[in-house]
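# Breakdown of the fold
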Amino acid sequence: MGTTFDESAIDAALAELAAGEKVWAATPLARRRELLDQLHARTARYAPEWVATASAIKHLDADSPLVGEEWMSGPLALLQGATALSATLAALESGHSPLEGLHLGAAPGDRVSVPVLPLNIYDRLLLSGFRGEVWLRPGVDAATARRRAGLGQLDPTTTGGIGVVLGAGNVMSIPPLDVLYELYAHNRVVALKLNPVTDPMYPIFEMVFEPYLELGVLRVLTGGADTGEYLVHHPDVAHVHMTGSAKTHDTIVWGTGPEAEQRRAERRPLLDKPITSELGGVSPTIVVPGEWSAADLRFQAEHIATQRLHNGGYNCVATQAVVLAENWPLKDRFLAELRAAIAAAPQRPAYYPGSDGRVAEALASYPSAERLGPEASRVLVRQVPATTTPLLRTEYFSPVLGVVELPYDGGEFLHHAVEFVNGEVSGTLGANVLIDPATRRRLGIAVDRALERLRYGTIAVNAWTGLAFLTPRAAWGAFPGHTLDDVQSGIGVVHNAFLLEDVERTVVYGPFRPAPRSLFGGELALSPKPPWFVDNATAAATGRKLAEFYATASPAKLPAIFLSAFRG
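Calculation criteria
- Residues numbered from 1 in each chain as written.
- Predicted model: local features only at pLDDT ≥ 70, side-chain atom pairs only at ≥ 80, totals over all residues.
- Heavy atoms only, no water.
- UniProt positions renumbered as here; feature names shortened; annotations may be inferred.
- Helix = DSSP H or I, 4+ residues; strand = E, 2+ residues; numbered from the N terminus.
- Buried < 20%, exposed > 50% of the residue type's maximum accessible area, 1.4 Å probe, protein only.
- Domains from an automatic or database assignment.
- Contact = heavy atoms within 4.5 Å.
- Buried area = accessible area lost by both parts, 1.4 Å probe.
- Salt bridge = Lys/Arg side-chain N within 4 Å of Asp/Glu carboxyl O.
- Polar contact = N/O pair within 3.5 Å; in protein donor to acceptor, adjacent residues only side chain to side chain.
- Nonpolar A, V, L, I, M, F, W, Y, C, P; charged D, E, K, R; others polar.
- 1 Å grid on protein atoms, 1.4 Å probe; cavity = no way out; pocket = protein on both sides within 12 Å on 5 of 7 lines; lining within 4 Å.
- Points joined across faces, edges and corners; volume = space filled by probe spheres on them.
- Phe/Tyr/Trp six-rings, centres within 6.5 Å; stacked < 30°, edge-to-face > 60°.
- Lys NZ or Arg CZ within 6 Å of the ring centre and 35° of its normal.

Within this numbering scheme, the UniProt entry marks residues 202–344 as carrying the feature "domain: Aldehyde dehydrogenase" (unreviewed entry). In this annotation, residues 202–344 is assigned 49% helix and 19% strand; the end-to-end C-alpha distance for the span is 35 Å.

What follows is the structure in structure tokens.
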């Protein structure tokens, strides 16, 4: 196991990193790219052990389809991230922009859009019907975007000191991906402190990152809150990045108790260095009313159940508030399908600390809520008030889902739904919009205007924002503009393998209907059910085959992936 709380051991690790910073400054782009390729190979090599360890942490049976989540949000995400960053360094090494050869589009409001999905034939085959783009801040033109892409690797000799990464405890690829972003986007050497929930991953991360450890640019530490506190306030640390809750962030920045409130009022943070963060929030899904078939109602109900229950509900971007039109003629039928989908989703243990207490908190606030599932562990709250209510302010980080009904129709509903989630729902990490093709055509430019007005770091249209997390060149983080004293879903972005400057948001799109029904609406899709759906029967097999494909990029592996996916 890694270093536990021991001041002298942590001091020694930071001293090693201080020396490692000089080594990193002298490491050319070609060698930095080689390190990424070695990381890729080692991730592929240790992927089975990674998934077995992660599954044990989450108390998943080895033969459960839910193990597919650990393949896709674990080694698969890191394999793709390392490959995408390696391509960016290869472009910079040859004297070109990472955006060389890409057509940059136009997004609403004088914004440039950078395509991030699909980018090659494999994207088009494996994620047929899905696409994504990063929107830059208004006024940034294409030439500027190309010139600035590369961030810290534009001048690799100028390093940024030691960065501390406080790792997440829910998704196993978050800590290593955050490490890569510190190393490559910000040119900082890294002390990674694991969340105690993920301590069993320590030997996996050590094996995967061995080339970086040998170079002296990374140290992996374990321990509790005392270790984290000592690290973030250490005088040798230049920067902190964390993934977690806003409460933890505020404790680090302001402390606790009356003194913390006084510091906040006087704008005297306890932390004497910059901090970036990804903090989650209450993610909404806006359901735009339309003429849906029975199959549409069922599929989109399963879609929302996945958005809430993926990883047991312990995702920073898990949907917590469903926004419906009160007078939608299909509302009751949709809610019946949603209830059934939540109840029927596979049962899994509540592995994340404090989950049962947060469920109890929700039930205390909403005593008429319905308890669903084999162990009645999931909570569905109907008719949530549209203002000043805990479900819209509290990230429960557990299987709790609320439904809010707004008294509007059509384009008026979409307009007011955007106003509602921007103004009443806490956090800005991700929002989802479900809209059928006919309604989208009818509303026309109003849909584009709605996407522009949504103040979220990631927006998914007929998809789940989790897809952006798994897209390595997508930027991942809160909508820009938050401050230390009102941090919401955090400050800064990660992933972003193009190393783009001036990021505002990521937007991903998917087909409203799966194959083969998608063809009747004029959409292209090959999969009957995406492999990340919680009720996908072959998710484990498909997830493993996807990881094996991205380890080798061998076309010979594609038929087996398609066969497994079609059986899901």
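There is more to say, and it comes next.
Right, let's get into unusual backbone geometry. Look at the link from L117 to P118: it is a cis peptide, with omega at -5 degrees. Topologically, P118 is positioned in the loop between β2 (111–117) and α5 (121–126). A cis amide bond, omega 0 degrees, links A515 with the succeeding residue P516. Relative to the helices and strands, P516 resides in the loop between β19 (503–509) and α21 (539–552). At T388, a residue that is not glycine, the phi angle is positive and equals roughly 50 degrees. Within the secondary structure layout, T388 lies in the loop between β12 (378–381) and α16 (390–393). Even without glycine at this site, Q488 takes up a positive phi of about 50 degrees. Secondary-structure assignment places Q488 in the loop between β16 (475–477) and β17 (490–491). Residue Q488 is classed as partly exposed on the basis of its relative accessible area, which comes to 28%.

Okay, the domain arrangement of the chain next. According to the domain assignment, the chain contains domain 1 (7–101 + 150–279) and domain 2 (284–464 + 520–533). A straight line from the C-alpha centre of domain 1 to that of domain 2 covers 31 Å. The partner domain 2 presents 17 residues to the 15 residues of domain 1 that form the contact. Roughly 1300 Å² of surface becomes buried between domain 1 and domain 2 when both sides are summed, with 63% attributable to carbon and sulfur atoms. Ranking the residues of domain 1 by area buried against domain 2 places K58, E69 and N170 at the top, with a combined share of 36%. For the salt bridge of E69 with R348, the shortest nitrogen-to-oxygen distance reads 2.9 Å. Our count for the domain 1 to domain 2 interface comes out at 6 residue pairs in polar contact (both at pLDDT 80 or more). Examining the composition of the side of domain 1 that touches domain 2, we find that 3 residues originate from one element, helix α3 (residues 67–72), more than from any other. For the side of domain 1 that touches domain 2, the per-class residue count stands at 7 nonpolar, 4 polar and 4 charged.

A volume near 1300 Å³ is recorded for the largest pocket. Lining the largest pocket are 47 residues; nearest its centre among them are M242, G244, S245, K247 and T248. For the lining of the largest pocket, the per-class residue count stands at 17 nonpolar, 19 polar and 11 charged. Split by domain, the lining of the largest pocket shows at least three residues from each of two domains, domain 1 (7–101 + 150–279) and domain 2 (284–464 + 520–533). Counted as a void, the second largest pocket has a volume near 890 Å³. Considering the residues around the second largest pocket, the lining is formed by 46 residues, among which Q80, N120, D123, L127 and Y550 are closest to the centre.

With that out of the way, let us pick up empty space enclosed by the protein. Space left empty within the atom packing is revealed by a probe, the size of a water molecule, rolled over the atoms. One pass over the structure, following the stated rule, counts 6 cavities of 30 Å³ or more. What the largest cavity holds in volume is close to 220 Å³. What lines the largest cavity is a set of 16 residues, among which S73, H310, W464, G466 and F469 lie closest to the centre. Elements represented by at least two residues in the lining of the largest cavity include exactly α3 and α20 (466–469). Ranked by the residues each element gives to the lining of the largest cavity, the list is headed by α20, at 3 residues. Here the lining of the largest cavity is built from residues that sort into 11 nonpolar, 4 polar and 1 charged. Of the domains in this structure, domain 1 (7–101 + 150–279) and domain 2 (284–464 + 520–533) are the two that each give at least three residues to the lining of the largest cavity.

All right, on to the packing of aromatic side chains then. Counting across every chain of the model gives 18 aromatic pairs. Judged by centre distance (5.9 Å) and plane angle (90 degrees), the rings of W292 and F334 are edge-to-face. Taken together, the residues span a long stretch of sequence, with W292 in the loop between β9 (283–287) and α13 (294–309) and F334 in helix α14 (residues 331–344) at a distance of 42 residues. Here the two residues W292 and F334 agree in accessibility, since each one is buried. The lysine or arginine in question, R131, covers the ring of Y509, its NZ or CZ lying 3.9 Å from the ring centre.

What follows is about the environment of G457. With respect to the helices, strands and loops of the structure, G457 is situated in the loop between α19 (445–453) and β15 (458–461). Residue G457 is classed as buried on the basis of its relative accessible area, which comes to 3%. Linking G457 and G543, residues 86 residues apart in sequence, is a C-alpha distance of 26 Å. Leave out the neighbours within four places in its chain, and G457 touches T428, L429, G477, A478, F479, E504, R505 and T506.

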